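Coordinate inspection notes
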Amino acid sequence: MKGNSVSKEVWLEDKQVTVGQFQVDFKKTRLYNNDTSIDNESKVIKLEPLTMELLCYLIKRHGHYVSQKELLDNVWDGRIVSDNAIRRVVKKLRDALGDDVKSPTYIKTVPSKGYLLIAEVSVEVVTQGHSLDHTSEQSELSSNKNINKKPKKTLKHLFFILIIALICFAIYSFFPFKTELMVKQVQAVTTMSGEEDWADYHQQSDMVVYSHRKDTSGVFDLYIKSLSTNVTKRLTAGEANNYSAQFSKDGKKIALQRQKGNQAELVILYLNDTMDVSREEVIYQYDTLQPNLSWSPDDNALYFSLKKQSDYPNTIFKIDINTKRLTQVTYPDFNPHGDYFSALSPNGEHLGVLRYSSYQRAHLIILELESGKVQSNTVLDFIPWNMVWDESSSGVYLSNGNNIHFFDSNKDHLELHTQTKFDLYSIYSTCGKNCLLVGKEEKNARDIIEIKNPFITEKTYNLFEFSLAGKEGHPDYLADPSQVVFRYEYENKPQIVTYSTTGEMEPLTEFTQHHNISNLEYHHKSQSLLGILDNQLFTLDIKSRKIRYLTTQLEVIKNPSWSNDGRSIYFSRKESNQFWLIRHDLYNNQSEQALLPKVISAKEDALGENLYYQHADGQLFRAPISKPQNGTPIAKLQPASNISWHITSQYVYYSIANGYQYDLVRTDLESGETERAPLLKHALYAKFQLHPNEQKLLLLQRAAPSSDLYNIYF
């Protein structure tokens, strides 16, 4: 391996190395503990070769953070392995050194930076006759007696190794073992500045259609590109977003979903021979959008995901293009999630459905359309964005990070199919035999920003700047407003971290797999964090870093908040098909009986005198805490999950949406007067947190878009 030659043979030759209280014997891949208080048997620690290589490289880079990519290039020699594989080797090394990941003395981990060897390292040149050797004198004498026999044994060993290698090669040639296909070639399809998404490929015409926007303040327009001539044309222009474009089987039509404010449309574009739009037709209008379209084999119908009502799950429907008749295809019972994606097999016999359940699980369902029977229902250990059928209709491709999985619908079997050297945002379509059209995922997809309160006239200084490479979310201020806490996901590893104005980041959790973390809220007095983890309500003590779960994953909960004294938590739980406001006593670990029906969120004021709660229809009420049923309406909010509201001593602040445009509103609690100011444009999410002095606020925005489409061949 490249890492071996660089690490051992050159710079560590004839050197004695000590790391903390351990001496390192690279030749024998052992550690020797210099602690005199332990017994001799515990002094010698045998390491696996790869674990020793990792230690070797950390020593070489002592004092510097080492990223996972750097380890892949120098220790794994560029081989494609998962992030978990690297973390497992790091854990083995930590265990060998007796290191504690939460209070490290040897290896420190910092998200977005990497691993840092923090123990003291001593590298000394070994003089002749003083080399490191912890074996007994008797072993040395025994080795010296047999020194003349070594060449003969070596030749004999080499002969047997050669014979075994030839046998293994012959067996492999006649009986090849199944392995994952590696990517043979990666070819860029688009190189435009900005972001490409929701693409489709039509093989007969050799054309790609896709959505593109140049920056975060722009909309997604529809583009078409001929791969044979490299001619690119824009098909749409305006203030609407265009998603999910799909070629009809004959390539003469393109179906798409168009978002106009709070309204969505199913649109069909008719193409002429020069790739121009001759006319368009709107075949259906609705007020919710889940990007997803699939043509029937005869080009006379479309399948798509639709929410008929706000409290209904996403459901797959079929619409006849000529009659505009809508037919329900699936009947999910998971609310409010349900069936978020579907894809029809090329032969039209099977419908693949992705169903999201309430407890952080995705189900892959293969439905046989003629008989109406479920051919398979597989629970996935990851949540794919979408899926694509192979050309023979034998199964579907799904992506997770840099892994491409294939589900064989005939064998009812899911397997790892291909690995790429970059993470995939999505697989869009096939592009011929052993070829997939994919989108590369950008590491920095979402950013936390701190902005001046638009209602404050005074100048505001020292705004937070988050120059992080991963995905951030759900921020809140800590007791010291110069520090914030938020969810941070880097290289598919989500964590809860704190971050300061000095740029120091500290992880509060050590998750090793995907988790859905949301609704983080910090309580200044108790110094604890509240949130939802994989659909469970939890608290996290900032000092001890212990997580305490308050509900089960079987419950459907939303919008938790602290009481003023930190002794209780309010949240909404679904019971009998409606949400009820619950108050949970942390000290007795008991939930009071449901306080109010049809309430989706609640907060106490700063004095702990009044309770403010939002009704399912959006109406905000104020009531004495002792008599929450005696509420008085004070404002009208939108009952959406991607906006939020906060109470101060004088105002209620809340965000409102008009399509993908968001404003910030504040209403005076005494006079009822309302002010409104622009907040975000072309965004998907407008939750925010107020600074304790109301001068600033934290919110999320999409990072500057930069992504392209690729064909990968395997």
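What you see is a predicted model, and the numbers here were worked out from it, not measured in a lab.

Conventions we followed
Residues numbered from 1 in each chain as written. Predicted model: local features only at pLDDT ≥ 70, side-chain atom pairs only at ≥ 80, totals over all residues. Heavy atoms only, no water. Disulfide = S-S within 2.5 Å. Buried < 20%, exposed > 50% of the residue type's maximum accessible area, 1.4 Å probe, protein only. Pairing = 2+ DSSP bridges. Helix = DSSP H or I, 4+ residues; strand = E, 2+ residues; numbered from the N terminus. Axes fitted to C-alpha atoms, helices over the stretch in contact; angles between N-to-C directions. Core = buried A, V, L, I, M, F, W, Y, C linked by side-chain atoms within 4.5 Å. Contact = heavy atoms within 4.5 Å. Phe/Tyr/Trp six-rings, centres within 6.5 Å; stacked < 30°, edge-to-face > 60°. Lys NZ or Arg CZ within 6 Å of the ring centre and 35° of its normal. Polar contact = N/O pair within 3.5 Å; in protein donor to acceptor, adjacent residues only side chain to side chain.

1. Observations concerning the state of the cysteines
Counting across every chain of the model gives 1 disulfide. Put simply, C431 and C435 are joined by a disulfide, and their sulfur atoms are 1.9 Å apart. Its S-S torsion of about -85 degrees marks the bond between C431 and C435 as left-handed, since a negative value means left-handed. There is no split in this pair, since C431 and C435 are both buried.

2. Focus: the sheet that holds strand β9 (residues 185-188)
Read from one edge of the open sheet, 4 strands run β9-β56-β31-β30, paired in antiparallel fashion. Every other strand in the sheet has two partners, leaving β9 and β30 (424-430) as the edge strands with one partner each. Along the sheet, successive strands turn relative to each other by an average axial angle of 30 degrees, direction set aside. Across 5 bridges, strand β31 (residues 435-440) lies against strand β56 (residues 709-713) in antiparallel orientation. Residue pairing across strands places L436 opposite I712, the latter belonging to β56.

3. Observations concerning the sheet that holds strand β13 (residues 232-234)
Taken in spatial order, the 4 strands make up an open sheet running β10-β11-β12-β13, and their pairing is antiparallel. Each edge of the open sheet is held by one strand with a lone partner, namely β10 (195-202) and β13. Taking each pair of neighbouring strands and ignoring which way they run, the sheet shows an average axis angle of 25 degrees.

4. Focus on the nonpolar core
Judged by nonpolar contacts, the single largest core of 30 residues is most densely connected at L31 and L71. Of all elements in the fold, only β1 (15-19), β2 (22-25), α3 (49-60), α5 (83-97) and β6 (114-117) reach the threshold of two or more residues within this core. The element best represented in this core is α3, accounting for 7 residues. In this view, L71 contacts L54, Y57, V66, W76, I86 and Y115; residues no more than four positions away in its chain are not counted.

5. Things to note about unusual backbone geometry
Unusually for a residue other than glycine, N434 sits at a positive phi of about 55 degrees. Here N434 shows up in the loop between β30 and β31. A positive phi angle, close to 55 degrees, is found at N519, a residue other than glycine. Assignment of secondary structure puts N519 in strand β37 (residues 517-523). Among the residues examined, N519 registers a relative accessible area of 17% and is labelled buried.

6. Some remarks on the pairing of strand β16 (residues 263-271)
Across the 9 residues that make up β16, a large majority, 8, are buried. For strand β15 (residues 253-260) and β16, the ladder comprises 8 bridges, and the chain directions are antiparallel. Opposite A255, over in β16, you have I268 as the bridge partner. Between β15 and β16, which pair antiparallel one after the other, the connecting turn spans 2 residues, and G261 there sits at a positive phi close to 60 degrees. Of the pairings in the sheet, the one linking β16 to strand β17 (residues 277-286) comprises 8 bridges and is antiparallel in character. Its bridge partner being in β17, V267 is matched across the sheet by V282.

7. Thoughts on the packing of aromatic side chains
Tallying each qualifying case throughout the model produces 17 aromatic pairs. Each residue in the set W198, F220 and Y243 is aromatic and connected to the rest through ring pairs, giving one cluster. When the ring centre of F579 is taken as reference, the NZ or CZ atom of K558 above it lies at 4.6 Å.

8. Concerning the pairing of strand β43 (residues 578-585)
Within a regular strand, the side chains alternate between the two sheet faces. Here strand β42 (residues 568-575) pairs with β43 via 8 bridges, running antiparallel. From the neighbouring strand, Y570 faces β43, where its bridge partner is R583. In textbook terms, the turn of a hairpin is the stretch between consecutive antiparallel strands, and for β42 and β43 this stretch comprises 2 residues, one of which, S576, has a positive phi near 55 degrees. Note: β43 against strand β44 (residues 590-591), 2 bridges, orientation antiparallel. Bridging from a neighbouring strand, D585 pairs with Q590 of β44. Between β43 and β44, which pair antiparallel in sequence order, lie 4 residues; one of them, N589, sits at a positive phi of approximately 55 degrees.

9. Observations concerning the environment of V209
Of note, V209 is situated in strand β11 (residues 207-213). We classify V209 as buried; its relative accessible area is 0%. In this structure the C-alpha to C-alpha distance between V209 and I224, which are 15 residues apart in sequence, comes to 4.3 Å.

10. Thoughts on the side chain of S655
By the secondary structure assignment, S655 is in strand β51 (residues 651-658). A distance of 2.9 Å separates the side chain of S655 from the backbone oxygen of A686, its partner in a polar contact.

11. Topic: the side chain of S294
Position of S294 relative to the elements: it lies in strand β18 (residues 290-295). Residue classification places S294 among the buried residues on the basis of a relative accessible area of 8%. A distance of 3.1 Å separates the side chain of S294 from the backbone nitrogen of L344, its partner in a polar contact. Dropping the residues within four chain positions of it, S294 is found in contact with A301, L302, Y303, S342, A343 and L344.

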